[in-house]
Amino acid sequence: MKDLFSFLNEASCNSDFKATLSGRGGFITFSNSGRRGGTKFFQIGLDNILQTLKDILVNLESFKGLTEYDETSWRNNGSAYFSDPVANANSTVQTKPLFSTLSKVIIWANQPMLDSVDSDVKICLEKEALETTIDELENVADSFRPSVIKPHQSCDSTSRQQIFYGAPGTGKSHKIKEQLKGVAKENIFRTTFHPDSDYSTFVGAYKPTKSERPLYGLFGKETVRLRDEVDLSEEIITYKFIPQAFLNAYMQAYRKPNENVYLIIEEINRGNCAQIFGDLFQLLDRDENGVSEYTIKADADLKAYLKEELGEDNLGIKDGELCLPANLYIYATMNTSDQSLFPIDSAFKRRWDWEYEPIKYKNTDWVIDIDGTEYRWSDFQKEVNKHILKDTGSEDKMMGDYFINPPTKVISFNLFRNKILFYLWNDVCKDGDADIFPIDTDFSFSKLYDEDCKQLIISMMDKLGLKPIDRDELENYDDTSEGDDELPSTIRYSINGEETDENGKVWRKGALVKRAVKIYCDNHQQETAAQIRDTWKAANFIIPHIVETDEDREKRIKDSRDPKAAERSKEIRLSNNESLHVSTQVGDGKNRKGFSDFLSIIQSKPEWGINIQEL
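Thresholds, definitions, all that
- Every chain is numbered independently, its residues counted from 1 as its sequence is written.
- For this predicted model, a pLDDT threshold of at least 70 governs which residues receive local features, and a threshold of 80 or more governs which side-chain atom pairs are given and counted, while totals over whole chains, interfaces and linings are taken from all residues.
- Think of the side-chain values as coming from all heavy atoms in the structure, minus any hydrogens and water.
- When DSSP finds two or more bridges between a pair of strands, those strands are recorded as paired.
- Under the scheme used here, helices are H or I runs from DSSP no shorter than 4 residues and strands are E runs no shorter than 2 residues, and both carry numbers assigned from the N terminus.
- For helices, the axis comes from a line fit to the C-alpha atoms of the stretch in contact; other axes are also lines fit to C-alpha atoms, and the angle between any two N-to-C directions lies between 0 and 180 degrees.
- Should an angle fall under 35 degrees it is taken as roughly parallel, and over 145 as roughly antiparallel, whereas 65 to 115 is taken as roughly perpendicular and any remaining angle as oblique.
- Handedness of a crossing follows from how the near helix is turned relative to the far one, being left-handed for an anticlockwise turn of less than a right angle and right-handed for a clockwise one.
- Here a residue-residue contact requires only that any non-hydrogen atoms of the pair lie within 4.5 Å.
- Polarity classes work like this: nonpolar for Ala, Val, Leu, Ile, Met, Phe, Trp, Tyr, Cys and Pro, charged for Asp, Glu, Lys and Arg, and polar for all others, with Gly in that last group.
- By definition, a salt bridge exists where a carboxyl oxygen of Asp or Glu is found within 4 Å of a side-chain nitrogen of Lys or Arg.
- Burial classes: relative accessible area under 20% of the type maximum marks a residue as buried, over 50% as exposed, and values in between as partly exposed (1.4 Å probe, protein chains only).

Enquirer: Would you explain the sheet that holds strand β19 (residues 410-411) in this entry?
Expert: Sheet strands pair via backbone hydrogen bonds, and the direction of the pair is either parallel or antiparallel. Read across the open sheet, the three strands follow the order β18-β17-β19; overall the sheet is mixed. A strand with exactly one partner marks an edge of an open sheet, and here the two such strands are β18 (373-376) and β19. The pairing of strand β17 (residues 367-370) with β19 spans two bridges and is classified as parallel. When the bridges of β19 are listed, Val367 appears paired with Val410.

So this is what it looks like as structure tokens:
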């Protein structure tokens, strides 16, 4: 079976609609046919495709008659059934390219059975083929999942130059920060590129500095140092070579050859990289050992400075040449929405590894407070991003999870207007690219500050299909569900020595709670479901309905106003064939600290045989 990367490259040779798997980052770049005025390219993540295939499988009755491409039918079904916002938007504006990409992925996963299928006009929607595709694609998607990062190690120790890119607020800088936890501060050097950045501000140059010169005078026929209880001096201006971020990191790497040194460049595409790097560009080609494959001659000033600082015989200036050592890593961030500032040429791009930071929509407990009327930030973020993608055909200006970072998880009325709406008005909608604001001819941004502005903004929310939060429902809402509850990136747990779940993945909160209950059940096989329920209930966990029997669950669902009440638990089968249901409402949310409380109680009950340790 061919790998997905090779398969898509070969399949695209005979297809009007190209599709290629990224070398890094876990997404597919696909194209339209180019018959209506030039080829355009789009990107969709493997997770987006997986969710789309799962949606088709769940709604197979509605899709099984659409094995041959029909634009209207696929557009309507995509709009109705695709729950992923990226796939949903593409299904309405890039219907056939998305169809062809899905077909190619299904053909790949079912080689050689479907090799004769023309992906541009047909798609296999057999249940078994879809299930096989989902299983195979899960494995590929998991290969892009970052592993647990240990201090002093990068995500890819062979990658000496790496650019983390994505929409604004996706956590690119935060990812680098987490990656470098444990690295000594003196081994981390930071700089931010901007339009005025140049070689001298990146590497170094002679600059005027203050210094002192001793004062002398004549005493008879002799010149003597002037004194007034102490030697007298005068301040003068002299010129001195001042190193900048690159040179400081370069020298540190040679001074500490047994330690990794990191140069962090924020907003790399906001500066003119050709102007800033100059001939250093040549050093970015590294050999298999991570050392510059080609050296460059240092100019006279730089050569003299390095010889003085490092010593005549140091490898960092051997034969008057510069060479990047293997222990010098250069990481950079890039907002894709800023790519029009200073385009990065292909020769420069190829010398870097690239890692895409997707939008995860994980801040489900953040709220937007419009003068007392509250909306979920994640709902607003998803809906607006869907409009941006649909109307612009690009993910560049979509809002990441941390586009805004309110200290109390509440986005105030003024913060919402002054940062979020201003960005949407000024950067996204200024040319009429996205249908977010009122379309009245007399509408202007200043109207968002009129006396009746609250009602105007609420009408915008209505237009986006967003409903205010019902506080009664909120108390019954999952802080985080088992499938969406990643622990903070700095905290990892083991349970009874198990550092990963059955799929080899880092423990999530919901899965960890469920595993704890399962361990208890295995240790107490003589107990019935009701007895186990009573024991856990008596421990007074904050987590609601942490363990319940079939009867408990049925009653809770019947009495609840929560439309997702049936999804708020996961089943465990006991050795006596009874069932227990474990709550998924386990998060540390705004209104309760369920997971923290759970850990505390488990630690107080060693007799249960459950040992959870923070790694």
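Enquirer: I keep staring at the packing of helix α15 (residues 413-428) against helix α16 (residues 453-463) and nothing clicks. Help me out?
Expert: To characterise two packed helices, one gives the angle between the axes of the helices and the distance between these axes. At their nearest, the axes of α15 and α16 sit 12 Å apart, and the two run at 60° to each other. Classified by the angle their axes make, α15 and α16 are oblique. You can see that α15 and α16 cross each other, and the crossing is left-handed. Side by side, α15 and α16 meet where Phe413, Phe416, Arg417 and Leu421 of the first sit next to Cys453, Lys454, Ile457, Met460 and Met461 of the second. Considering only residue class, the contact of α15 with α16 consists of seven nonpolar, no polar and two charged.

Enquirer: What should I look at first to understand the pattern of salt bridges in this one?
Expert: Close approach of charged atoms lets side chains of opposite charge pair. Counted under the stated rule, the structure contains 25 salt bridges. Among the ionic pairs, Lys181 bridges to Glu178, the shortest N-O distance being 3.8 Å. Residue classification places Lys181 among the partly exposed residues on the basis of a relative accessible area of 40%. The shortest N-O distance in the salt bridge between Arg533 and Asp552 comes to 2.6 Å. Note that Arg533 is positioned in helix α19 (residues 529-538) and Asp552 in helix α20 (residues 550-559), a separation of 19 residues in sequence. On the accessibility criterion, Arg533 (17% relative accessible area) is buried.

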